[in-house]
Amino acid sequence: MTAIGRRYNASFQQTMLRIKDPKVSVPFYERHFGMKLVHRYDFPQWKFSLYFLERPRDAAAAALPSPGTKASEAYLWSMTGTTLELTHNHGSEEDDSFSVWSGNCGSDLPAESPLFRAGVVRGFGHIAFNVEDVYAMSAALEAAGVAFQKRPDEGRMKGLAFCLDPDGYWIELVKREEGLFPEPQN
């Protein structure tokens, strides 16, 4: 039996994260993970904006259309890769009580766990980047001020790490085969 998605040529296109402040989150992903803003939509009537970022191959990055153009919109919906969609609800950047739930806390954990949170169960966990050297990438991110949930040699699972984005979402750093890509992460 052929999968329905295969019959209709479906491809994985995006993962969405809700963010507090695009002036903080967009540069975070660009600076630390080499992502590029592909396109942006603003919906002032509904008070939200969408920011689509991708991690293009370095050689292809210069050829990307300028964000916010018809060409970038066409690229977004026809590209072969995937994007990280950052959704910003207008005004959240000025709301001191605004926070997102990363999905990594919940009442399904032991009550003594620092990740215990009453009333919810864990759901969404993390996004991930493949890197050649998890230890070097972690050290560079930490030197740049990025917070960590788990460093490569902490916990039971050695050699992988989880850093945190500005909204507290977990970003896993996973080792990939050396020399596979020229870029430091993908």
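None of these values were measured; they are calculated from a predicted model.

Conventions we followed
Residues numbered from 1 in each chain as written. Predicted model: local features only at pLDDT ≥ 70, side-chain atom pairs only at ≥ 80, totals over all residues. Heavy atoms only, no water. Helix = DSSP H or I, 4+ residues; strand = E, 2+ residues; numbered from the N terminus. Contact = heavy atoms within 4.5 Å. Areas by Shrake-Rupley, 256 points an atom, 1.4 Å probe, with all protein chains shown as cover. Lys, Arg positive; Asp, Glu negative; His and termini not counted. Charge placed at Lys NZ, Arg CZ, Asp CG, Glu CD. Buried < 20%, exposed > 50% of the residue type's maximum accessible area, 1.4 Å probe, protein only. Pairing = 2+ DSSP bridges. Axes fitted to C-alpha atoms, helices over the stretch in contact; angles between N-to-C directions.

Novice: Would you mind going over the overall build of the chain with me for this structure?
Specialist: Check the secondary structure of the chain and you find five helices and eight strands. Starting at the N terminus, the α and β elements of the chain follow one another as α-β-α-β-β-α-α-β-β-α-β-β-β. Overall, the C-alpha framework of the chain stretches about 50 × 45 × 45 Å when taken along its three principal axes. Sequence separation of 24 or more characterises 60% of the internal contacts of the chain that already satisfy a separation of 6 or more. By element, 55% of the accessible surface of the chain is carried by carbon and sulfur atoms, the whole surface being about 10,900 Å². The averaged location of the 24 negative side-chain charges in the chain is 4 Å from the averaged location of its 20 positive side-chain charges.

Novice: Explain the pairing of strand β3 (residues 48-54) here, please?
Specialist: The two faces of the sheet receive side chains in turn, since in a regular strand these alternate between them. Burial analysis of β3 places six of its seven residues in the buried class, which makes it a mostly covered element. By the bridge criterion, seven bridges tie strand β2 (residues 36-43) to β3 in an arrangement that is antiparallel. From the neighbouring strand, D42 faces β3, where its bridge partner is S49. Remark: four residues form the turn of the hairpin made by β2 and β3, two consecutive strands paired antiparallel; K47 in that turn has positive phi of roughly 60°.

Novice: In this structure, what is going on with the sheet that holds strand β7 (residues 161-164)? I would like to understand it.
Specialist: Hydrogen bonds between backbone atoms are what pair the strands of a sheet, whose relative direction is either parallel or antiparallel. Spatial ordering of the open sheet is given by β5-β8-β7-β6, a layout of four strands whose pairing is mixed. This sheet does not close on itself; its edge strands, each paired only once, are β5 (126-131) and β6 (148-150). For this sheet, the mean inter-axis angle between neighbouring strands, taken without regard to orientation, is 30°. As defined by bridge partners, β7 adjoins strand β8 (residues 170-175) across four bridges and the pair is classed as antiparallel.

Novice: How should unusual backbone geometry be read in this particular structure?
Specialist: Most of the time, phi is negative for any residue but glycine, and the peptide bond is trans. Although it is not a glycine, N9 sits at a positive phi angle of roughly 55°. Among the structural elements, N9 can be located in the loop between α1 (4-7) and β1 (14-19). Given the relative accessible area of 68%, N9 is considered exposed. Positive phi outside glycine occurs at K47, with the angle close to 60°. Within the secondary structure, K47 is located in the loop between β2 and β3.

On their own, these measurements won't tell you what the molecule is for.
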